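# Commentary on secondary and tertiary structure
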Amino acid sequence: MSIETGLPAGFNPSAYNAIIVGAGYAGSVCARRLAESCNYKVAILERRPHIAGNAYDYYDEAGVLVHKYGPHIYHTTNDRVDQFLSRFTEWSNYNHKVLANIHGTLIPVPFNHQSLKLVFGEDKGERLYQKLVSTFGQDKKVPIMQLREKNDPELEEVANFVYENVFLHYTMKQWGKTPDQIDPAVMGRVPVFVGDDDRYFPQAPHQGMPAESYTKLFENMLNHDLIDVFLGVEARDVMQVTDTKVSVCGKPYGGEVIYTGALDELFNFDLGALPYRTVDMVFETLPVDHFQPVGTVNYTVSENFTRITEFKNMTGQELPGKTTIMREYSRTYLPGVGETPYYVINEPENIALYKKYRERVSGLLNFHTVGRLAEYRYYDMDGVTASALELSDELIAQR
Ligand code: FAD
Ligand code: UDP
């Protein structure tokens, strides 16, 4: 493997069997698989000065390992994804826990057995919990929008409390919309949990943090003789895509192209910009051992940021006397000015626009789109990895 900055003079695209745009999960998983299963020589073009995409982590000036693009916690139910990624890292046994700050009281989220008792008191909380168990079953995940549909005064009381104190204001901050105005699947990511598991990802069989770091995981994944990574390279400067061919450095390119960036950007937004939410991430280092009791505290009824993450609580890093925290401020993404499009907005008109862009490349047999941006999907790391494994399966099968 080589990682260098910029394209060398005389860079020859035809020396590579595949050119991949983006060194995040989507691009790096495909690169590794094509290199080791097909003996393909692979070039990755990455415009940022680092690998690992949005999972990139680094040591800040205080010496704290932080996540530049938001808190990343690995969790999956997908054994194949877990086996693949576990080739490149050991995992800590970290179990992510989140508390909601509700008017100064910290309540576990997803809202669970313990949350019920904290909010409604021991006896009433237990009674409400038993009602949830008899209605939905033990250890079940119930989306808040589903709970709100139950026609029962006691369940209604729970639903109203959770809706108002956990979801409504946080969702307004995150999406600029109320929960009933957004894709139900988004709310379903954080259900009410009818059980005692107080982890943010209850029942996920694989969860943790890379023992060393995400960046190290990527270094290991990309560490293959046939993979060259070129950082600081904007692919659109060297790649032209029309509906009949892909050219790289001015010449038609016949190898495989895997594109993990945004499709509207590739076409200069000529059909219109795909909407996203972006997040301003504000880091602060404090002269204390610890700032808060868990990895993340969600501010569900107050403040104009959504959540505060304390990285040491997630990585387990021992560093006395200082800690770094980060607040997230969500807002509308402005296209074309270098902002990061963090969250897709899964609404029918946006999906329709995405499909029009996708249609333009559907005739290009050597041009493939994969990843959170290129598929315009709200993927977690495991979902992106699964998608990249599938695409690389297809390419390996047809080589
Ligand atoms: P990316 O990581 O975005 O990688 C795409 C890469 O392509 C980028 O490095 C980009 O610079 C590069 N690129 C794009 N266009 C070009 C171009 N034209 N030229 C050159 N390079 C280009 N998932 C979890 O599983 N757990 C979590 O806790 C979690 N937390 C998250 C928190 C936040 C705030 C966000 C936004 C996401 C979180 N995720 C989490 C999701 C996770 O970040 C993504 O699923 C994953 O990083 C997507 O990988 P990707 O390769 O598709 O995209
Ligand atoms: N959500 C909320 N309150 C919470 C946690 C989540 O309203 O305390 C809603 C919110 O709309 C959020 C969505 O559930 O965008 C998904 O939350 P998740 O934590 O999965 O979001 P991510 O980590 O991807 O930002």
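Look above for the structure.
Residues numbered from 1 in each chain as written. Chains lettered and ligands numbered in written order. Predicted model: local features only at pLDDT ≥ 70, side-chain atom pairs only at ≥ 80, totals over all residues. Heavy atoms only, no water.

### Section: the site of ligand 1
Just so we agree on the cut-off: One heavy atom within 4 Å of a molecule or strand is enough for the residue carrying it to be called near that molecule or strand. Surface exposure here means Shrake-Rupley accessible area, sampled with a 1.4 Å probe, where a residue is shielded only by the protein chains that are shown. The secondary structure listing takes helices from DSSP runs of H or I that are at least 4 residues long and strands from runs of E that are at least 2 residues long, numbered from the N terminus. Each residue is assigned to one class: nonpolar for Ala, Val, Leu, Ile, Met, Phe, Trp, Tyr, Cys and Pro, charged for Asp, Glu, Lys and Arg, and polar for all the others, Gly among them.
In the vicinity of ligand 1 lie 32 residues, with Glu46, His72, Ile73, Glu234 and Met381 positioned nearest. With the chains in place, 96% of the 1,000 Å² that ligand 1 exposes on its own is no longer accessible. Among the secondary structure elements, those contributing two or more residues to the shell around ligand 1 are helix H1 (25-38), strand E3 (42-46) and helix H13 (381-397). Classifying every residue of the shell around ligand 1 gives 15 nonpolar, nine polar and eight charged.

### As for the packing of aromatic side chains
Geometry of an aromatic ring pair is reported as the spacing of the ring centres plus the angle between the planes. The criterion, for reference: Any pair of Phe, Tyr and Trp rings, taking the six-membered ring for Trp, is counted once the centres come within 6.5 Å. Such a pair is stacked with planes under 30 degrees apart, edge-to-face with planes over 60 apart, and tilted for the rest. Accessible area is worked out with a 1.4 Å probe on protein chains only. A residue is then buried under 20% of its type maximum, exposed over 50%, and partly exposed in between. Over a ring means this: the NZ of a Lys or the CZ of an Arg is within 6 Å of the ring centre and within 35 degrees of the ring normal.
Under the counting rule described, the total for this entry stands at 21 aromatic pairs. Pairing Tyr16 with Phe230 gives two aromatic rings, centres 6.4 Å apart and planes at 90 degrees, and the pair type is edge-to-face. Of the two residues, Tyr16 is situated in the loop between strand E1 (2-5) and strand E2 (18-21) and Phe230 in strand E12 (residues 227-231); the sequence distance between them amounts to 214 residues. Classification of Tyr16 as buried rests on a relative accessible area of 10%. Ring plane angle 75 degrees and centroid distance 5.6 Å describe the contact between Trp175 and Tyr343, whose orientation is recorded as edge-to-face. Of the two residues, Trp175 is situated in helix H6 (residues 153-175) and Tyr343 in strand E21 (residues 343-344); the sequence distance between them amounts to 168 residues. Residue classification places Tyr343 among the buried positions, given a relative accessible area of 12%. Within the aromatic cluster, the residues linked to one another by ring pairs are Tyr276, Tyr333, Tyr354 and Tyr376. The positively charged end of Arg360 is found above the aromatic ring belonging to Phe267, 4.2 Å away from the centroid. Taking NZ or CZ as reference, Arg372 lies 5.2 Å from the ring centre of Tyr343, over its face.

### Section: the sheet that holds E12
For clarity, the cut-off: Any two strands with at least two DSSP bridges between them are considered paired. Note on geometry: axes are lines fitted to C-alpha atoms, helical ones only across the stretch in contact, with angles between N-to-C directions running from 0 to 180 degrees.
One open sheet holds the six strands; their spatial order is E1-E12-E3-E2-E16-E22, and the pairing between them is parallel. Across the chains shown, the open sheet's two edge strands, defined by having one partner strand only, are E1 and strand E22 (367-369). Each strand of the sheet is rotated relative to its neighbour by a mean of 20 degrees, with strand direction disregarded. Pairing between strand E16 (residues 256-259) and E22: three bridges, direction parallel. Residue pairing across strands places Ile258 opposite His368, the latter belonging to E22.

### With respect to the pattern of salt bridges
This is how the line gets drawn: Each reported salt bridge corresponds to a side-chain nitrogen of Lys or Arg within 4 Å of a carboxyl oxygen of Asp or Glu.
Counted by the stated rule, this structure contains 24 salt bridges. When the shortest N-O distance is used, the salt bridge between Lys131 and Asp152 registers 2.8 Å. Taken together, the residues span a long stretch of sequence, with Lys131 in helix H4 (residues 122-136) and Asp152 in the loop between helix H5 (144-147) and H6 at a distance of 21 residues. What makes Lys131 partly exposed here is its relative accessible area of 25%. Via salt bridges that share partners, Arg47, Glu234, Arg236 and Glu265 belong to a single interconnected network.

### Brief notes about the site of ligand 2
The line we're drawing: In the analysis that follows, any N or O atom pair within 3.5 Å is treated as a polar contact, provided that within protein one partner can donate a hydrogen and the other can accept it, and provided that, for residues neighboring in sequence, both atoms belong to side chains.
Taken together, 16 residues lie near ligand 2, and Trp175, Arg189, Tyr200, Tyr343 and Tyr378 sit nearest. In this structure, an oxygen atom belonging to ligand 2 sits 2.8 Å away from a side-chain N or O atom of Arg189. Only H6 and helix H7 (184-188) provide two or more residues apiece to the shell around ligand 2. The element best represented in the shell around ligand 2 is H6, accounting for six residues. Taken together, the residues that form the shell around ligand 2 break down as ten nonpolar, four polar and two charged.

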